[in-house]
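Observations on chain architecture
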Amino acid sequence: MSPGEAPAPGLLAVDLGLRSGLALFGQDGRLRWYRSQNFGSHSRLKRAVPAVLHAAGPLVWLVLEGGGPIAEVWEREAARRALPVLRVSAQDWRARLLYAREQRSGGLAKDAADGLARRVIEWSGAPRPTSLRHDAAEAVLLGLWAALEVGWLAQVPPEVRR
């Protein structure tokens, strides 16, 4: 991107919680950045969500894994911005990206998600993590699932596939 050029719109994937995983994907289906963010309390989350969405740059999708009051905070801010929201459960994206044997327990799924997320990070050319929290890893995979779902990727890239 050259100076003065606006960034291309992206998709923000959020593994919901007071400690949330965040992953931003470009329309080429590649991960731009990812992180874990501890909001600490519901009131701090409510104050932080507008800034998180603003900092992510122009967005065309917000993808949320989970529900409840935390999801409602994100959805209200998205509605205020006329930003479409995809809300899914972990089972939705796991069924498409993980083997059945990797989904037998939450622990197995989190371990498998870590390895697969590291391949997405490598394929995307994003900075390698020194440590990768499970919420950030799951946000990366949620974003990959969403890139497939909205048509930004036709299939899981061969470099990421196992």
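Summary of the structure given here. Quick caveat, the model's predicted, so the values are computed rather than measured.

Running from N to C, helix 3 (residues 90-97) and helix 5 (residues 134-149) cross one another at 75°; their axes reach a closest spacing of 10 Å. As the angle between them shows, helix 3 and helix 5 are arranged roughly perpendicular. Touching Asp92, Trp93, Arg94, Arg96 and Leu97 of helix 3 are Glu138, Leu141, Leu142, Leu144, Trp145, Leu148 and Glu149, all from helix 5. Grouping the amino acids of the contact of helix 3 with helix 5 by side-chain chemistry returns seven nonpolar, no polar and five charged.

In this fold, glutamate 77 is placed in helix 2 (residues 68-80). Beyond its immediate sequence surroundings of up to four residues, glutamate 77 is in contact with Val49, Pro50 and Leu53.

A few words on helix 3. Within an α-helix, residues lying three or four positions from one another point in the same direction, as the helix has 3.6 residues per turn. Of the residues making up helix 3, those classed as buried are Ala90, Trp93, Arg94 and Leu97. Buried residues of helix 3 fall within an arc of 100° about the axis and therefore sit on the same side. Relative to its buried face, helix 3 has exposed residues pointing more than 90 degrees away, namely Gln91 and Ala95. Check the buried side of helix 3 and you find it contacts strand 4 (59-65), strand 5 (85-88), helix 4 (106-124) and helix 5.

Here we take up the nonpolar core. The biggest cluster of nonpolar side chains holds 37 residues, and the ones touching the most others in it are Leu31, Trp93 and Leu97. Counting residues per element, the ones that place at least two in this core are strand 1 (10-15), strand 2 (19-26), strand 3 (31-38), helix 3, helix 4 and helix 5. Examining the composition of this core, we find that 11 residues originate from one element, helix 5, more than from any other. Those residues within four positions of tryptophan 93 in sequence are excluded, and the remaining contacts are Glu65, Leu98, Ala113, Glu138, Leu141, Leu142 and Trp145. Counting 21 residues, the second largest nonpolar core, distinct from the first, contains Leu45, Ala48, Ala56 and Leu59.

For the rest of this paragraph, the subject is the pairing of strand 2. In summary, the side chains of a regular strand alternate between the two faces of the sheet. Where burial is concerned, most of strand 2 is hidden: seven out of the eight residues are buried. Pairing of strand 1 with strand 2, which is carried by six bridges, proceeds in the antiparallel orientation. Bridged to alanine 13 within strand 2 is alanine 23. Hairpin connection of strand 1 to strand 2: three residues between the antiparallel strands. Where strand 2 hands over to strand 3, the hairpin turn is made up of four residues, of which glycine 29 adopts a positive phi near 85°.

The rules behind these values
Here the residue numbering is sequential within each chain, running from 1 through the sequence in written order. Whole-chain, interface and lining totals are the exception, using all residues; otherwise, since this is a predicted model, local features are given only for residues with pLDDT of at least 70 and side-chain atom pairs are given and counted only at 80 or more. Side-chain figures throughout are based on the complete set of non-hydrogen atoms in the structure, without hydrogens or water. In this description, a line fitted to the C-alpha atoms serves as the axis of each element, helices being fitted only across the stretch in contact, and the angle between N-to-C directions of two axes falls anywhere from 0 to 180 degrees. Where helices and strands are cited, they refer to DSSP runs of H or I of at least four residues and of E of at least two residues respectively, numbered from the N terminus. For classification purposes, angles smaller than 35 degrees are called roughly parallel, those larger than 145 roughly antiparallel, those between 65 and 115 roughly perpendicular, and all remaining angles oblique. Pairs of residues are marked as contacts when any of their non-hydrogen atoms sit within 4.5 Å. Here the nonpolar group is Ala, Val, Leu, Ile, Met, Phe, Trp, Tyr, Cys and Pro; Asp, Glu, Lys and Arg are the charged ones; every other residue, Gly included, is treated as polar. Type-normalised accessible area, obtained with a 1.4 Å probe on protein chains alone, sets the label of each residue: buried when under 20%, exposed when over 50%, and partly exposed for intermediate values. Regarding the arc, it is the one traced by the directions from the helix axis to the C-beta atoms. Buried residues of nine kinds, namely Ala, Val, Leu, Ile, Met, Phe, Trp, Tyr and Cys, make up a nonpolar core once their side-chain atoms join them within 4.5 Å. Strands were regarded as paired on the criterion that DSSP finds at least two bridges between them.

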